[in-house]
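As a plain string of letters, each chain reads:
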Amino acid sequence: MPRVAINKKKYLKKDLYIWMSGKMKVLGKNQEHMGEALEISQQAFGTRLREANFTNDQLYVIFKELEATNDDIIRLMRL
């Protein structure tokens, strides 16, 4: 099914979830490690990851921990 503009935010959240999950697996980082980096519990990180619900400050840490390139950041955050 093609992506339509009306669902853009939903697609961005799903893309962020997929990218983060994949990078965590590749880099060998688990939810506990990411939770510690964000100073939240593993459970809170898991919930936020499923909902792709992070603050700007948390996204700075996440992108650094997961070694995001400028291209990755632009692709994931651009509306």
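It should be noted that the structure appears before, not after, this text.
Residues numbered from 1 in each chain as written. Predicted model: local features only at pLDDT ≥ 70, side-chain atom pairs only at ≥ 80, totals over all residues. Heavy atoms only, no water.

A.B. asks: Teacher, can you tell me more about the nonpolar core here?
C.D. replies: Side chains of a nonpolar character, in soluble globular proteins, are inclined to be buried together. Leu16, Met20, Phe45, Phe54 and Ile62 are the most contacted members of the largest nonpolar core, which has 16 residues in total. Every element with two or more residues in this core is listed here: helix H1 (8-27), helix H2 (31-38), helix H3 (42-51) and helix H4 (56-65). Considering each element in turn, this core owes the most residues, four residues, to H1. (Core = buried A, V, L, I, M, F, W, Y, C linked by side-chain atoms within 4.5 Å. Buried < 20%, exposed > 50% of the residue type's maximum accessible area, 1.4 Å probe, protein only. Helix = DSSP H or I, 4+ residues; strand = E, 2+ residues; numbered from the N terminus.)

A.B. asks: How should I be thinking about the layout of surface pockets in this particular structure?
C.D. replies: If a probe the size of a water molecule is rolled over the atoms, the empty space left behind becomes visible. Within this model, the largest pocket holds a volume of roughly 270 Å³. Lining of the largest pocket is provided by 10 residues; of these, Leu12, Lys13, Ala52, Leu76 and Met77 occupy positions nearest its centre. Where the lining of the largest pocket is concerned, the elements lending two or more residues are H1 and helix H5 (70-77). Residue contributions to the lining of the largest pocket peak at four residues, all from H1. Of the residues assigned to the lining of the largest pocket, the class counts are eight nonpolar, no polar and two charged. (1 Å grid on protein atoms, 1.4 Å probe; cavity = no way out; pocket = protein on both sides within 12 Å on 5 of 7 lines; lining within 4 Å. Points joined across faces, edges and corners; volume = space filled by probe spheres on them. Nonpolar A, V, L, I, M, F, W, Y, C, P; charged D, E, K, R; others polar.)

A.B. asks: Whenever I open this one, the packing of aromatic side chains confuses me. Can you help?
C.D. replies: How two aromatic rings sit relative to each other is set out by the distance from centre to centre and by the angle between their planes. As enumerated under the stated definition, the model contains two aromatic pairs in all. Aromatic side chains tryptophan 19 and phenylalanine 63 sit 5.9 Å apart centroid to centroid with 70° between the ring planes, which places their arrangement in the edge-to-face category. Taken together, the positions of tryptophan 19 in helix H1 and phenylalanine 63 in helix H4 put the pair 44 residues apart, joining distant regions of the chain. Relative accessible area serves as the criterion here: at 9%, phenylalanine 63 is assigned to the buried category. (Phe/Tyr/Trp six-rings, centres within 6.5 Å; stacked < 30°, edge-to-face > 60°.)

A.B. asks: Help me understand unusual backbone geometry in this model?
C.D. replies: Among all residues save glycine, negative phi is the norm, and among peptide bonds the norm is trans. Even without glycine at this site, glutamate 39 takes up a positive phi of about 60°. Checked against the element boundaries, glutamate 39 lands in the loop between H2 and H3. Here glutamate 39 falls in the exposed class, since its relative accessible area comes to 75%. Phi at alanine 52 is positive, roughly 50°, even though this residue is not glycine. Along the chain, alanine 52 falls in the loop between H3 and H4. Of the residues examined, alanine 52 reaches a relative accessible area of 13% and is grouped as buried.

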